[in-house]
Amino acid sequence: MAKGESRQSCDLYAHGYLGWVENKRGNLGLEAVERAALVVAADGRRGLIFIRAGALPQAVDRADALGIAIFGFDPEGGTLDGVNLVGRELCAVGIGG
């Protein structure tokens, strides 16, 4: 998990993925999706955004267009669901699939 200045890059690193965790109130906006897209384009791994709240429709549409998965998580219930098409597809096949 990244902290401080490295938070600008990403929160989670894996072999094929870079991830961001938006553990705040309010909907995910377009800016977070665009920032993730810039990082994954330069890095070559797939982007994953984990959100506690919802996502604005523009952010969902843009993430789908860019191939970035958005997942909704419930920290108390321990659930994880795909918010956008890419996220739902990865949930269906497993992130490693």
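Notes on the structure follow. Note that the coordinates shown come from a computational prediction; the quantities given were computed from them, not determined experimentally. (Residues numbered from 1 in each chain as written. Predicted model: local features only at pLDDT ≥ 70, side-chain atom pairs only at ≥ 80, totals over all residues. Heavy atoms only, no water.)

**Section: the pairing of strand β4 (residues 69–74)**
Test applied: Summary of the burial criterion: residues with accessible area below 20% of their type's maximum are buried, those above 50% are exposed, and those between are partly exposed, where the area comes from a 1.4 Å probe applied to protein chains only. Helix and strand assignments follow DSSP, with helices taken as H or I runs no shorter than four residues and strands as E runs no shorter than two, numbered in order from the N terminus. Here, any two strands with at least 2 DSSP bridges between them count as paired. Handedness rule for crossovers: strands pointing away from the viewer, path from the first strand over the helix to the second running clockwise, crossover right-handed.
Within β4, 5 of the 6 residues are buried, leaving the element largely enclosed by the surrounding structure. Pairing of strand β3 (residues 46–51) with β4 involves 4 bridges; the strand directions are parallel. Note on β4: the bridge partner recorded for Phe50 is Phe71. Chirality of the crossover, the property in question, places the unit of β3, helix α2 (residues 57–66) and β4 among those that are right-handed. Pairing analysis gives 4 bridges linking β4 to strand β5 (residues 79–82), with the strands arranged antiparallel. Bridging across to β5, Phe71 finds its partner in Gly82. Connecting the antiparallel pair β4 and β5 is a turn made up of 4 residues, with Gly78 showing a positive phi of about 75°.

**Let's talk about helix α3 (residues 85–93)**
Rule in force here: Regarding the arc, it is the one traced by the directions from the helix axis to the C-beta atoms. Working rule for contacts: check all heavy atoms of both residues, and any pair within 4.5 Å makes them a contact.
Buried residues of α3: Val86, Gly87 and Leu90, and no others. Projected down its long axis, α3 shows its buried positions confined to an angular sector of 100°, all on one face. Of the surrounding elements, those touching the buried residues of α3 are β2 (17–22), β3, α2, β4 and β5. Just downstream of α3 lies Gly94, where phi reads positive at about 90°.

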